[in-house]
Amino acid sequence: MNDSATPGRLSRRVLAERAAPSLLDLAPGLMRVCRTVEQRLAAHGPWTAGDPGRSIAIEQGAIEQFLQQVMRARGQGFPAVCSFTATGGGDPLLVAADLEPTPAGALASVWFPMPEREPAGGWLALLHDVAEGFGAHHAHLEADDLLMRYQGRRATERARAATPPELRAYIPDPPAFVDGMNLDLLVPQEYDRRQVPAGVWWINYWDRAQIATLGEGRVRGAGWAQVVEAAEGALLLTTTDEPLDLANRAHVERLRLLIDNLGLLDAQRHARYESSG
């Protein structure tokens, strides 16, 4: 597999995570994320919620009512999408959220596609506002090509281990990359990502707990292009000055240096859930 696709053709998204006992707890944060989308990305209402979409006001009470409907539907065994779509001002923009149970407690995520044009105030400001508005412990600008680089090999190993021996030959080999550089990490389901990041992305937001797990001095001195202080000990960490491009060998070398300097793979292994092996 050659991962030198044109960056504009990649699937890229803004993603933030936080601990939350239920979807209902996300209402204030989702309201703030949607308002950030309006302000930074000029994605204007009217807004709809769910699929099929129903008109909704981006206010905490209305969002709480919608989340209660999603929870009731799921409790009755019906699929229900937790999403909000800005339908005005050009192409619709969808903001999605969900809750994932983990052995360390439920993690909530919110994500939306990265626009091709730079948001008002820049990418750093967008990620900062999303992370702090959502109450996130972690946020980043994610791209599918890097996701595959980090998790492809380990995902293949896990799939083969869970498959009867006579069927393992039918599972494709992990992708091979033209630069030959190893960026392999664990898959996020194996460890407590409340404590350890899932990877190093172009722009990252790590809270105090994640920084403490890796070591503050180690994080600050890892070799970032930019380190920006955020509230309550969190940091915004930029890998490269320009958008990360895996077709650029220097960018891949920077990623490998950061991962090695952070000891990220070892930290993920230390934070493994007991059941993950």
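From a predicted model like this one, the values you see are computed outputs, not experimental measurements.

The rules behind each value
- Each chain has its residues counted from 1, following the order in which its sequence is written.
- Confidence filtering applies because this is a predicted model: local features only for residues at pLDDT of at least 70, side-chain atom pairs given and counted only at 80 or more, and all residues used for totals across whole chains, interfaces and linings.
- Hydrogens are left out, water is left out, and the side-chain values use all remaining heavy atoms of the structure.
- Residues grouped as a nonpolar core are buried Ala, Val, Leu, Ile, Met, Phe, Trp, Tyr and Cys residues, joined through side-chain atoms within 4.5 Å.
- Relative accessibility decides the category of a residue: with a 1.4 Å probe and only protein chains considered, values under 20% of the type maximum give buried, values over 50% give exposed, and everything between is partly exposed.
- Numbering of helices and strands runs from the N terminus, with a helix taken as a DSSP run of H or I at least four residues long and a strand as a DSSP run of E at least two residues long.
- When checking whether two residues touch, look at their non-hydrogen atoms; a contact exists if any pair is within 4.5 Å.
- At least two bridges found by DSSP between two strands are what make those strands a pair.
- Axis definition: a line fitted to C-alpha atoms, over the contacting stretch in the case of helices. Angles run 0 to 180 degrees between N-to-C directions.

Structural notes on the nonpolar core
Turning to step 1, where the next piece is worked out: If you look at the biggest cluster of nonpolar residues, it comprises 77 residues, and the most contacted ones within it are Phe84 and Phe112.
Turning to step 2, where the next piece is worked out: Here this core takes seven residues from helix α1 (residues 27–41), the largest share from any one element.
Turning to step 3, where the next piece is worked out: Those residues within four positions of phenylalanine 112 in sequence are excluded, and the remaining contacts are Arg13, Val14, Val33, Val37, Leu41, Leu93, Leu94, Val95, Leu126 and Val130.

Topic: the sheet that holds strand β4 (residues 83–88)
Turning to step 1, where the next piece is worked out: In spatial order, the strands read β3-β2-β4-β5-β6-β1-β7-β8-β10-β9; together these 10 strands make up an open sheet with antiparallel pairing. Every other strand in the sheet has two partners, leaving β3 (54–56) and β9 (226–229) as the edge strands with one partner each. When strand polarity is set aside, the average angle formed by the axes of neighbouring strands in this sheet is 25°.
Turning to step 2, where the next piece is worked out: Here seven bridges tie strand β1 (residues 12–19) to strand β6 (residues 107–113), and the two strands are oriented antiparallel to one another.

Section: unusual backbone geometry
Turning to step 1, where the next piece is worked out: The omega torsion of the bond from glycine 45 to proline 46 falls at 15°, within 30 degrees of zero and hence cis.
Turning to step 2, where the next piece is worked out: Along the chain, proline 46 turns up in strand β2 (residues 44–49).
Turning to step 3, where the next piece is worked out: Omega for the peptide link from aspartate 51 to proline 52 comes to 5°, which places this bond in the cis form.
Turning to step 4, where the next piece is worked out: Looking at the element boundaries, proline 52 is found in the loop between β2 and β3.
Turning to step 5, where the next piece is worked out: Unlike most non-glycine residues, alanine 42 shows phi in positive territory, near 50°.
Turning to step 6, where the next piece is worked out: Note on placement: alanine 42 falls in the loop between α1 and β2.
Turning to step 7, where the next piece is worked out: The exposure class assigned to alanine 42 is partly exposed, which follows from its relative accessible area of 31%.
Turning to step 8, where the next piece is worked out: Although it is not a glycine, glutamate 232 adopts a positive phi angle of roughly 55°.
Turning to step 9, where the next piece is worked out: Residue glutamate 232 is classed as exposed on the basis of its relative accessible area of 70%.

Some details on the pairing of strand β8 (residues 203–206)
Turning to step 1, where the next piece is worked out: Side chains of β8 alternate between two faces, with Ile203 and Tyr205 and Asn204 and Trp206 buried alike.
Turning to step 2, where the next piece is worked out: Direction of pairing for strand β7 (residues 138–143) relative to β8: antiparallel, over a ladder of three bridges. Within β8, the position partnered with histidine 138 by the bridge is tryptophan 206.
Turning to step 3, where the next piece is worked out: Where β8 meets strand β10 (residues 235–238), four bridges bridge the pair, whose relative direction is antiparallel. By the bridge assignment, isoleucine 203 is partnered in β10 with threonine 238.

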